[in-house]
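Coordinate inspection notes
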Amino acid sequence: MTYKSEFLNILTERGFIHQCSDFGALDAKLMEGPQSAYIGFDATASSLHAGSLVQIMMLYWFQQTGHKPITLMGGGTTKVGDPSGKDQSRKMLDEAAIDKNIDGIKSVFAKFLTYGNGKTDAVMVNNNDWLSGLNYIDFLRDYGPHFTINRMMTFESVKLRLDREQPLTFLEFNYMILQAYDFVELYRRNDTILQMGGSDQWGNIINGVELGRRTEQAELFALTTPLLTTSSGAKMGKTADGAVWLNADMLSPYDYWQYWRNTEDADVGKFLKLFTTLPMSEIKKLEALQGQEINEAKKILANEVTKLCHGEQAAKDAESTAQQVFEQGGVGDDLPTIDIDLSQEVNVLDLLVEAGLAKSKGEARKLVQQGGARINDVAIQKADAVIRKRDFEDGYIKLSAGKKKHVLVRAA
C-alpha cells in the first residue's frame, strides 16, 4: 500500500509495520506538518540491547522525514514493571539504580537522533516527572472509571501470565493505566499524537489512545512493529552468552560487529532494511546474493549497524580485526582484551572462565575435551594445562573457543 506521508511509506517498505489504529487518519495527520511521536523505554538495565533497535530506528526515520521524536524514559513506570511477555514480576529497583540506568541509556539515543530546541529536534523526557507527584485517590477518581477489569483481562500481557498460572500483582496490573496516562500527559505537554512500540505493547498503547479521546477529545494513534525473531526462532538481541548490549562498556564494538556478521543468511535482507540507512535499491542487490557472496552482504550489514551505534572508526577497526583473526589467522588489535597476573601459573580452565569463553570450569573442561579451546590457533590438549609467563612471547596470547570467539590475554 502507498501512503501520502514519507514516514509511513518508508516504514512499510522496510518492514517495520505490524498494526496501526487508523492508517488513513494518521497518514493525513502526518501531511499537515511536523508531528510529535514517542516510544517509552523502561530503565531496567544500564544499557538497551539490540532488541530495542527496531524502536530506535522508527524514531530515527520519524525525525528524518520531518517530524519530532520523543524518547520517554520510564523513571516512574520502571518502579512498577511491565508484565508484557514476562512470566514473573521484575526485580524491584530503587530510585538510585533507576537513575543510574537512565544515565547509561541516554548516550545511545544521541547517536541516532538529533536533540535540541528546533521544531523537529528530538526531546528526552522522564515520566517520573509527572507520575511521582500523582495523588492516588484523585488519580483513581479521574482516570479509574475509564478502565474496566473485564477489558484489561483480555490483553495479551495479562492473559499469557494467567494462562501459565503465574501470579500477576496488583502493582503490575496498574502498569497499563500508567502507560495510558503517559500518552495523555505527552499530548498535553508536547501535542504528541502517536505512540509507537513493539506488538506486545498494542493493548497498552490503545489504552492511551482511548484515554486521550475520552479525557481530552484528542485524536491519538497507535503504531506497532512485528515481534522480531531470527530465522531460527531466536529472540532478537539475545545470544547464548547473553544480551547484545548497545553500550560499548557492556559489549565491545568488535563483539557487536561480530553479532551482525554472524547473521543467518535468510535474515540479511530483513536486517539491512530494519537496521541500516542504506538505500532500498542497494539492499535489494545485497539480499539477492547467494552462496559465499552473501558473506560480503553480512560484512556490509555489520559495518553499517556498528557505524550507527559506535561510529565509523569502530566499524572499520572491527572489520580489520575480524579479517586478521579469521582470514589471515592473526591477532587483531580490536579483540576483547583481559589482563592476568602471571606471578604464578594459571590453569587453562580458570583462564577460559575468566575470559568469558566458558561459564564454568565444567563447561571449559568440555570445551577442551571437544577440541574447541585453542591458544594462538593451536588446540589445548589437556584440561590440566597451565599458562606460564614464558607462553607470552609477544606479551599476549590469543585464547579461542570455537571458530568465532576470541579474547586477547595480556600478561600483567
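It should be noted that the structure appears before, not after, this text.
Let me begin by describing the structure that accompanies this report. Every value quoted in this text rests on a predicted model; they were computed, and no experiment measured them.

Regarding the overall build of the protein
Scanning the protein from terminus to terminus reveals 18 helices and 15 strands. Its C-alpha radius of gyration of 24 Å places the protein within 12% of the 22 Å reference for a compact globule of 412 residues. A principal-axis box enclosing the C-alpha atoms of the protein has dimensions of 75 × 50 × 40 Å. With 412 residues in all, the protein has 50% of them scored as buried. Within the protein, contacts between residues at least 6 apart in sequence are counted, and of these 72% link residues at least 24 apart. Here the protein displays about 19,600 Å² of accessible surface, and carbon together with sulfur accounts for 47% of that area. The positive charge centre, built from 46 side chains, and the negative charge centre, built from 55, are 3 Å apart in the protein.

Remarks on the nonpolar core
It is characteristic of soluble globular proteins that their nonpolar side chains tend to be buried jointly. Core analysis: the largest hydrophobic core is formed by 67 residues, its most contacted members being Phe7, Leu53, Leu194, Trp260 and Phe275. Here the element with the most residues in this core is helix α3 (residues 53–64); it accounts for nine residues. With residues near it in sequence (within four places) discarded, Phe7 still touches Leu30, Met58, Trp61, Phe62, Thr65, Leu194, Met196 and Leu223. Counting residues in each nonpolar core, the second largest holds 30 residues, with Leu186, Ile206, Ala218 and Ala222 among its members.

Overview of the side chain of His67
Assignment of secondary structure puts His67 in the loop between α3 and β3 (68–74). Using a relative accessible area of 4% as the deciding quantity, one classes His67 as buried. In terms of polar contacts, His67 uses its side chain to reach the backbone amide nitrogen of Gln35, at 3.0 Å. In contact with His67, not counting residues within four places along its chain, are Leu30, Gly33, Pro34, Gln35, Phe62 and Thr120.

The rules behind the values
- Residues numbered from 1 in each chain as written.
- Predicted model: local features only at pLDDT ≥ 70, side-chain atom pairs only at ≥ 80, totals over all residues.
- Heavy atoms only, no water.
- Helix = DSSP H or I, 4+ residues; strand = E, 2+ residues; numbered from the N terminus.
- Rg over C-alpha atoms; globule rule 2.2 N^0.38 Å.
- Buried < 20%, exposed > 50% of the residue type's maximum accessible area, 1.4 Å probe, protein only.
- Contact = heavy atoms within 4.5 Å.
- Areas by Shrake-Rupley, 256 points an atom, 1.4 Å probe, with all protein chains shown as cover.
- Lys, Arg positive; Asp, Glu negative; His and termini not counted.
- Charge placed at Lys NZ, Arg CZ, Asp CG, Glu CD.
- Core = buried A, V, L, I, M, F, W, Y, C linked by side-chain atoms within 4.5 Å.
- Polar contact = N/O pair within 3.5 Å; in protein donor to acceptor, adjacent residues only side chain to side chain.

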